[in-house]
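The chain contents come next:
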Amino acid sequence: MNAWQFRKLKGHKKILMLTAYDYGFADALAEAGVDALLVGDSLGNVVQGNDTTLPVTLDEMIYHAKIVKRGAPNVFVVADMPFLSYQVSHEEAIRNCGRVLKESGADAVKVEGGEQIADLVYKLTQVGIPIMGHIGVTPQSSKMHGFTKRGKDTGDIDYLRRSAKALEEAGAFSLVLENITEVVAKQITESVAIPTIGIGAGPHCDGQVLVLYDFIGLTRERPPFAKNYLDLRAEIKDAVNKFRQDIMSNNIL
Ligand code: KIV
């Protein structure tokens, strides 16, 4: 699938997307039939154990995107552009986004930000780089805005709506809506022709994405919107206990 085909999923099916960071999970998720994978810079939190996504480097993103694509060669893979890899100048952004596509084999990249980055998104799409936008809570600017739900007051609602439209007009093929009120996510979804992918934004988006480690129950504190689909942490404890008992009783092959 390419970005244009992904765009055309809007109205045809609800899109199921999960994050992935390595070969093994990408392979398993591909076999399970996900529509798309996001190599999120959330790897800074869940894989690297940082408090924020800010320390993630471009080389790390390329490395993870490459091994995800190797595990899921037939799945549409979007790679996050990390903090400061696209904000400094348009020239640097084109070079860095280009590097991610060239070196990792990812099918598209994602950048965080609203109407203020529409010019940049236009430039990137003009050179053939497929861009997924990301508005609402944007973890790369958490030091400015924190993680509180967006779309609650008129000013913010107007900003989010304008941003969605500006990014669509600039050529983005899809938009992540993170932690936005359900009603605003619905309005945005109805107002743009590109698929919206929600996370903590209610059921009315064109698709949904979850951070893999929340989805499988590996993170210690799941966000309230991430349902418990699997309690892997408990399963791991159980498996370790079984292994310990086998060791103690010499029940080893
Ligand atoms: O980095 C990430 O995993 C993301 C998702 C939360 C959308 O951007």
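Since we're looking at a predicted model, the values are computed, not measured. (Residues numbered from 1 in each chain as written. Predicted model: local features only at pLDDT ≥ 70, side-chain atom pairs only at ≥ 80, totals over all residues. Heavy atoms only, no water.)

Could you clarify how one ought to interpret unusual backbone geometry in this entry?
One can expect most non-glycine residues to show negative phi and most peptide bonds to be in trans. Unlike most non-glycine residues, Leu84 shows phi in positive territory, near 70 degrees. Residue position: Leu84 is located in the loop between β3 (76-80) and α5 (90-104). The partly exposed category is assigned to Leu84, whose relative accessible area is 46%. Even without glycine at this site, Asn250 takes up a positive phi of about 55 degrees. For Asn250, the location among the structural elements is in the segment after α11 (232-248). Of the residues examined, Asn250 reaches a relative accessible area of 66% and is grouped as exposed. (Helix = DSSP H or I, 4+ residues; strand = E, 2+ residues; numbered from the N terminus. Buried < 20%, exposed > 50% of the residue type's maximum accessible area, 1.4 Å probe, protein only.)

What am I meant to see in the confidence of the model for the chain here?
Averaged over all residues, the pLDDT of the chain equals 97, while 100% of them reach at least 70. Per-residue pLDDT, averaged within each element of the chain, yields its smallest value for helix α7 (residues 142-145) (92) and its largest for strand β2 (residues 36-39) (99). (pLDDT = per-residue confidence, 0-100.)

Would you explain the pairing of β2 in this entry?
Two faces, one strand: in a regular strand the side chains alternate between the faces of the sheet. In β2, alternate side chains face the same way, and those of Ala36 and Leu38 on one face and Leu37 and Val39 on the other are all buried. Tracing the backbone out of strand β1 (residues 15-19), into helix α2 (residues 23-32) and back to the parallel element β2 gives a crossover that is right-handed. Across 4 bridges, the pairing between β2 and β3 is parallel. Note on β3: the bridge partner recorded for Leu37 is Val77. (Right-handed = clockwise from strand over helix to strand, strands pointing away. Pairing = 2+ DSSP bridges.)

Which parts of the structure should I look at to understand the sheet that holds strand β6 (residues 174-178)?
Two orientations exist for strands paired in a sheet by backbone hydrogen bonds: parallel and antiparallel. Taken in spatial order, the 8 strands line up as β1-β2-β3-β4-β5-β6-β7-β8 and close into a barrel, and their pairing is parallel. Shown here is a sheet whose adjacent strand axes are inclined to one another by a mean of 25 degrees, direction ignored. Bridging between β1 and strand β8 (residues 207-210) involves 4 bridges; their strand directions are parallel. When the sheet's bridge partners are listed, Met17 is paired in β8 with Val209. Set on the sheet, helix α4 (residues 58-71) makes contact with β2 and β3; between it and β2 the angle comes to about 155 degrees. (Axes fitted to C-alpha atoms, helices over the stretch in contact; angles between N-to-C directions. Contact = heavy atoms within 4.5 Å.)

Would you take a moment to explain a nonpolar patch on the surface for this structure?
On the surface, Phe83, Leu84 and Val88 cluster together into a nonpolar patch covering about 260 Å² of accessible area. Checked against the element boundaries, Phe83 lands in the loop between β3 and α5. (Patch = residues over 30% accessible without salt bridge, like charges linked within 9 Å, V, L, I, M, F, W, Y side chains within 5 Å. Areas by Shrake-Rupley, 256 points an atom, 1.4 Å probe, with all protein chains shown as cover. Salt bridge = Lys/Arg side-chain N within 4 Å of Asp/Glu carboxyl O.)

Teacher, can you tell me more about the packing of α4 against α5 here?
One can describe the packing of α4 onto α5 by two numbers: an axis separation of 9 Å at closest approach and a directional angle of 35 degrees. Relative to α5, the crossing made by α4 is right-handed. For the pair α4 and α5, the contacting residues are Leu58, Asp59, Ile62, Ala65, Lys66 and Lys69 in the first and Asn96, Arg99, Val100, Glu103 and Ser104 in the second. Class assignment for the residues of the contact of α4 with α5 results in 4 nonpolar, 2 polar and 5 charged. (Left-handed = near helix turned anticlockwise from the far one by under 90°. Nonpolar A, V, L, I, M, F, W, Y, C, P; charged D, E, K, R; others polar.)

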